[in-house]
Amino acid sequence: MLALHRRARARCAPSPSPLTRSRACPCCRSLDRVSSLGASSPNKTSQKFHLVLRKVAAKYGPIVRLRTPGSDKDAVFISDADAVADALRSEGPTPIRRGLPTWIYFREKNKVPLGVAFANGEEWKRMRSAIQTPIFPPKNAHAYCPTIGPATVQAMGIIENELRCAGPRTLTGEETFAIENIVMRWSIEAVSGIVLGQQLGALDDEPTQLTRDMISAVNAAFATTGPIFLMPEFVWRNQLASAAREHFKALQTAMDVTNKLMTTTLTECAKDPAKLHGTFLGHVLQRDATLTRDEMLSTAVDLLFAGIDTTSRSLLNIMNLLSRHPEAQTKLRNEIIAVVGADPNATLDATHLAKLKYMKNVIKEAMRLYSVVPIGGRILPRDAAVGGYLIPADTEVMFGMDVMSHDPKYFADPDSFDPDRWDAKDIHPFASLPFGFGARMCVGRRIAEMEMTVFLAHLLRKFEIMPSPPPADLVFNLVIANEKPMPLKFRPLGATTASATA
Ligand code: HEM
């Protein structure tokens, strides 16, 4: 190990500071010990994981060795953008990511493939290649834009209706209402339309039982991940805690519902192949017959799970920031009207997306300020020089995305919302990585950006987002989410307090 460190010193330019054994491993020993910095109970520690990591970086520096829950080996936590770049450039052609232990256990127990999000090596590469072209290149992702138009118009109608039904003070933008549920149902509808080629009816007045099951399963799987995070393995494996029982039930439901939906799509399309045209499943089937039915199923579940909460949470954060920055809200609305037109029901197509430049900046800036995925990671395939240290092969490196994106070293006045900062060309390319990086970057990135753009383009032509306080209590449940309802108030555009009430 010492020899490895010396080699790193020789290789790394510009002359890194001398590496003694202790400096080579600025050591927090285990997260349990670190956790006492921030929280008092294991449950709270898991839910405040992102804050604990901020404190770790502040106290021990940007490269720290620590032990994470669920692992029997030390990992290296990195919150220096150059060092993150070093690690990511060493990830090799089939980057390895440690999966979520409960999800892997569940799939192995049920003898279903791990799917694109959890498989590694050649198995991952085959699945990723099959889905990459249909959804990753912007041109192909943007082609799904018309798929989500009708659901988005429907969501706007529901918001309008809810505002009216909730009472005059809600309609005038003085009181908040339950927007989260609508955004979440819209997100399910959008992603299922794209992935499974089927509208689930999640936004309907009376969603089907299947749809209700799916919504509850997604909610429960995310809500239980935080509490399970620090549980000893034997507790969750043997389902000795209620959170673990609920978690596995949710994973089972999501798998069963997706299976049923996929079967329906495939049966209908066997009768009428034209129905597959323009759907993600259709692209996968046409392009690549090498995926088994079960691999398609696991991958579809991964796409749904990875795509629903991340997108809806990010949207809620963007709306909240726009509420607090009326000048940015107006600028964005003006851009949308100039590009798409003022009619709030006019849907978008791929040609609009490329022209919405300020929209891109708003989304990037909001995702920098609120990292719904606060950490990333890889297992290094070989020894690698990282930030002046030599990290041995097989070490897990964790990237402090949330820490870096609040670091004044990379972003002047880092806590301020300044979408225009993204016009500058000198932002460190590894300082804000909301979708990860490289061959294993989020495969749904372009879909997510397209979805958020479409939602905001409809919303801002219909409503004004009224000033609301920032979300108070952000907790880590696989993604960072507000614990209490997101404070958001709306008012129909152009309505004054008096006329809106009338
Ligand atoms: C704002 C929304 C989203 C955010 C912030 C987000 C973030 C991320 C991040 C950070 C990763 C890990 C990347 C890495 O390790 O380098 C990831 C992976 C992934 N995401 Fe997303 N994501 C979002 C939306 C979506 C959507 C809409 C889909 C599906 C349509 C999706 C599907 C996936 C999948 C399947 C993976 C695993 C990819 C692989 O391992 O090859 N994500 N996402």
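Residues numbered from 1 in each chain as written. Predicted model: local features only at pLDDT ≥ 70, side-chain atom pairs only at ≥ 80, totals over all residues. Heavy atoms only, no water.

**Q** So what about the overall build of the protein chain? Which residues, and what values?
**A** When you go through the protein chain residue by residue, the secondary structure sums to 23 helices and 10 strands. Looking at the protein chain residue by residue over its 502 residues, the buried ones come to 56%. Relative to all contacts within the protein chain whose residues are 6 or more apart in sequence, the contacts with residues 24 or more apart total 73%. (Helix = DSSP H or I, 4+ residues; strand = E, 2+ residues; numbered from the N terminus. Buried < 20%, exposed > 50% of the residue type's maximum accessible area, 1.4 Å probe, protein only. Contact = heavy atoms within 4.5 Å.)

**Q** For the side chain of Glu 189, give the residues involved together with the corresponding values.
**A** Relative to the helices and strands, Glu 189 resides in helix 12 (residues 179-195). Buried and unpaired, Glu 189 has no salt bridge, with Arg 185 as the nearest side chain of opposite charge at 8.1 Å. Within polar-contact distance, the side chain of Glu 189 engages the backbone nitrogen of Leu 200 at 3.3 Å. Setting aside residues up to four positions removed in sequence, Glu 189 forms contacts with Ala 151, Gln 199, Leu 200, Gly 201, Ala 202 and Leu 203. (Lys, Arg positive; Asp, Glu negative; His and termini not counted. Salt bridge = Lys/Arg side-chain N within 4 Å of Asp/Glu carboxyl O. Polar contact = N/O pair within 3.5 Å; in protein donor to acceptor, adjacent residues only side chain to side chain.)

**Q** Account for the site of the ligand, naming residues and giving values.
**A** Inspection of the region around the ligand gives 27 residues, with Arg 97, Trp 124, Arg 378, Arg 440 and Cys 442 positioned closest. Arg 97 places a polar side-chain atom, nitrogen or oxygen, 2.6 Å from an oxygen atom of the ligand. Here Trp 124 contributes a side-chain N or O atom positioned 2.8 Å from an oxygen atom of the ligand. Those elements that place two or more of their residues in the shell around the ligand are helix 8 (121-135), helix 17 (293-324) and helix 22 (445-462). With 6 residues, the top contributor of residues to the shell around the ligand is helix 17. (Near = heavy atom within 4 Å.)

**Q** Any details on the pattern of salt bridges? Residues and values, ideally.
**A** Taken as a whole and assessed by the stated rule, the structure comprises 21 salt bridges. Arg 169 is the partner of Glu 175 in a salt bridge, and the nearest nitrogen-oxygen pair spans 3.0 Å. On the basis of relative accessibility, which here comes to 36%, the residue Glu 175 falls in the partly exposed class. Between Arg 368 and Glu 365 there is a salt bridge; the shortest N-O distance is 2.9 Å. In this pair, Arg 368 and Glu 365 both sit in helix 20 (residues 357-369), 3 residues apart, roughly one turn of the helix. For the pair Arg 368 and Glu 365, a shared accessibility class is recorded, and that class is buried. Residues participating in the shared-partner salt-bridge network are Arg 65, Arg 67 and Asp 74.

**Q** Go over helix 17 with me, naming the residues and quoting the values.
**A** Compared with an ideal rise of 1.5 Å per residue, which puts 32 residues at 46 Å, helix 17 spans 47 Å between its outermost C-alpha atoms and is within 8% of the ideal. Where burial is concerned, most of helix 17 is hidden: 28 out of the 32 residues are buried. (Expected span 1.5 Å × (residues − 1).)

**Q** How would you summarise the sheet that holds strand 3 (residues 375-379) if you had to cite specific residues and measurements?
**A** As a general point, the strands of a sheet are linked pairwise by backbone hydrogen bonds and lie either parallel or antiparallel. Taken together, the 4 strands give an open sheet; going across it, the order is 1-2-6-3, and neighbouring strands pair in mixed fashion. Either end of the sheet is taken by a strand with one partner, and the two such strands are strand 1 (63-67) and strand 3. Adjacent strand axes in the sheet meet at a mean angle of 30 degrees when their direction is disregarded. Against the sheet, helix 6 (residues 81-89) makes contact with strand 1, strand 2 (74-78), strand 3 and strand 6 (396-400), and its axis sits at roughly 140 degrees relative to strand 6, the strand it touches most. (Pairing = 2+ DSSP bridges. Axes fitted to C-alpha atoms, helices over the stretch in contact; angles between N-to-C directions.)

**Q** Could you give an account of the nonpolar core, naming the residues involved and the relevant values?
**A** Within the largest apolar cluster, 130 residues are counted, with the highest numbers of intra-cluster contacts made by Ile 159, Trp 186, Met 319, Leu 322, Phe 455, Leu 459 and Phe 490. Among the elements that make up this core, the one with the highest residue count is helix 17 (14 residues). If near-sequence neighbours (up to four positions away) are discounted, Leu 459 is found in contact with Met 156, Ile 159, Met 319, Ile 465 and Phe 490. (Core = buried A, V, L, I, M, F, W, Y, C linked by side-chain atoms within 4.5 Å.)

**Q** Describe unusual backbone geometry, and please don't skip the residues or the numbers.
**A** For Gln 239, which is not a glycine, the phi torsion comes out positive at approximately 50 degrees. For Gln 239, the position within the fold is in the loop between helix 14 (233-237) and helix 15 (242-271). Its relative accessible area of 26% is what places Gln 239 among the partly exposed residues. Look at Asp 394: it is not a glycine, yet its phi comes out positive at around 75 degrees.

**Q** Describe a positive patch on the surface, listing the residues and the values that go with them.
**A** A contiguous patch of positive charge, built from Lys 357, Lys 360, Lys 364 and Lys 425, is present on the exposed surface. Checked against the element boundaries, Lys 357 lands in helix 20. (Patch = residues over 30% accessible without salt bridge, like charges linked within 9 Å, V, L, I, M, F, W, Y side chains within 5 Å. Areas by Shrake-Rupley, 256 points an atom, 1.4 Å probe, with all protein chains shown as cover. Charge placed at Lys NZ, Arg CZ, Asp CG, Glu CD.)

**Q** Which residues make up the coordination of the iron atom of the ligand, and what values go with them?
**A** Any two of four tetrahedral donors ideally make an angle of 109.5 degrees at the metal, while pairs among six octahedral donors ideally make 90 or 180 degrees. When only protein atoms are considered, the iron atom of the ligand has one donor, Cys 442 (SG), at a distance of 2.3 Å. Within the secondary structure, Cys 442 sits in the loop between helix 21 (401-404) and helix 22. (Donors = N, O, S within 2.8 Å, 3.2 Å for Na, K, Ca; no water.)

**Q** Summarise the state of the cysteines; cite the residues concerned and give the values.
**A** The full count for this structure, using the stated rule, is 0 disulfides. Between Cys 145, a cysteine without a disulfide, and Cys 442, which holds the nearest cysteine sulfur, the sulfur-to-sulfur distance is 17 Å. (Disulfide = S-S within 2.5 Å.)

**Q** Before we move on, can you summarise the confidence of the model for the protein chain with the specific residues and values?
**A** Averaged over every residue, the pLDDT of the protein chain is 85; the share at 70 or more is 87%. Looking at the elements of the protein chain, mean pLDDT is at its lowest for helix 1 (residues 2-11), recorded as 34, and at its highest for helix 20, recorded as 98. Taken as a whole, residues 497-502 scores under 50 in pLDDT and shows 8 contacts with residues more than four places along the chain or in a different chain. With a pTM of 0.90, the predicted complex shows an ipTM of 1.00. (pLDDT = per-residue confidence, 0-100.)

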